[in-house]
Amino acid sequence: MSTPHRLLARLVGPVVIGVGLLWGAAPAPVRADAFVDGFEDLPLMPGLRNVPAASVSFDAAVGRIVVAFAEGGVRMPAVRAFYEETLPQLGWSPDGTGRWTREGEVLTVDTVVEGDGLVVRFELAPR
């Protein structure tokens, strides 16, 4: 997250993210206290913490590429449920299990059990 976003997060506290729908009931807004490293608008699920030393982010001629990792004592089904609820509110469309698309980009969210915890890998690449 860029310095202005970190400063804003410290000043105003948790951020509420929500997008209304044109029909039907809008989902409850998702509260994010932090964001996944390298992403300005991808909330970090409560219970996870970023692993900054393992994250990579850069802009390529074909678009931006981000690989970030988070870890925590959460369960795989809870991670999937959190991002299945959150990502559509941010404009992402499901494109298979753990795969989402938006505006020419593909986001993949993978989980791996490691000991008593879970490691979550976030990868963003051009479509």
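Residues numbered from 1 in each chain as written. Predicted model: local features only at pLDDT ≥ 70, side-chain atom pairs only at ≥ 80, totals over all residues. Heavy atoms only, no water.

Some thoughts on the overall build of the protein chain
- For the protein chain, the count of helices and strands is two helices and nine strands.
- Within the protein chain, buried positions represent 35% of all 127 residues.
- Within the protein chain, contacts between residues separated by at least 24 positions form 47% of all contacts whose residues are at least 6 apart in sequence.
- Taken as a whole, the protein chain presents about 7,500 Å² of accessible surface, with 57% of it coming from carbon and sulfur. (Helix = DSSP H or I, 4+ residues; strand = E, 2+ residues; numbered from the N terminus. Buried < 20%, exposed > 50% of the residue type's maximum accessible area, 1.4 Å probe, protein only. Contact = heavy atoms within 4.5 Å. Areas by Shrake-Rupley, 256 points an atom, 1.4 Å probe, with all protein chains shown as cover.)

Focus: the pairing of strand β4 (residues 56-60)
- As paired elements, β4 and strand β5 (residues 63-72) share five bridges and run antiparallel to each other. Bridged to V56 within β5 is V67.
- Linking β4 back to β5 in an antiparallel pair, the connection comprises two residues. (Pairing = 2+ DSSP bridges.)

Considering the pattern of salt bridges
- Overall, the coordinates contain six salt bridges when judged by the stated rule.
- The closest approach of N and O atoms between D41 and R102, which form a salt bridge, is 3.1 Å. Linking D41 in the loop between β2 (30-32) and β3 (48-50) with R102 in strand β7 (residues 99-102), this pair joins segments that are 61 residues apart in sequence.
- Looking at D41, the relative accessible area reads 28%, which means it is partly exposed.
- When its relative accessible area of 12% is taken as the criterion, R102 is described as buried.
- In the salt-bridge network here, residues are joined through shared partners; they are D110, R121 and E123. (Salt bridge = Lys/Arg side-chain N within 4 Å of Asp/Glu carboxyl O.)

Examining the nonpolar core
- Within the largest apolar cluster, 23 residues are counted, with the highest numbers of intra-cluster contacts made by V36, F39, L42, Y83, L107 and F122.
- Looking at this core, the elements that each hand over two or more residues are β5, α2 (76-89), β8 (105-114) and β9 (117-126). (Core = buried A, V, L, I, M, F, W, Y, C linked by side-chain atoms within 4.5 Å.)

So, the packing of aromatic side chains
- Summed over the entire model, instances satisfying the criterion amount to two aromatic pairs.
- Where F82 meets Y83, the ring centres are 4.8 Å apart and the plane angle is 85 degrees; that geometry is what we call edge-to-face.
- In this structure Y83 comes out as buried when scored by relative accessible area, which is 2%.
- Taken together, a centroid distance of 5.5 Å and an interplanar angle of 70 degrees make the contact between Y83 and F122 edge-to-face. Taken together, the positions of Y83 in helix α2 and F122 in strand β9 put the pair 39 residues apart, joining distant regions of the chain.
- The class for F122 is buried, based on a relative accessible area of 0%.
- Taken together, the ring pairs connect F82, Y83 and F122 into an aromatic cluster. (Phe/Tyr/Trp six-rings, centres within 6.5 Å; stacked < 30°, edge-to-face > 60°.)

So far we have only geometry, and geometry alone does not tell us how the molecule works.
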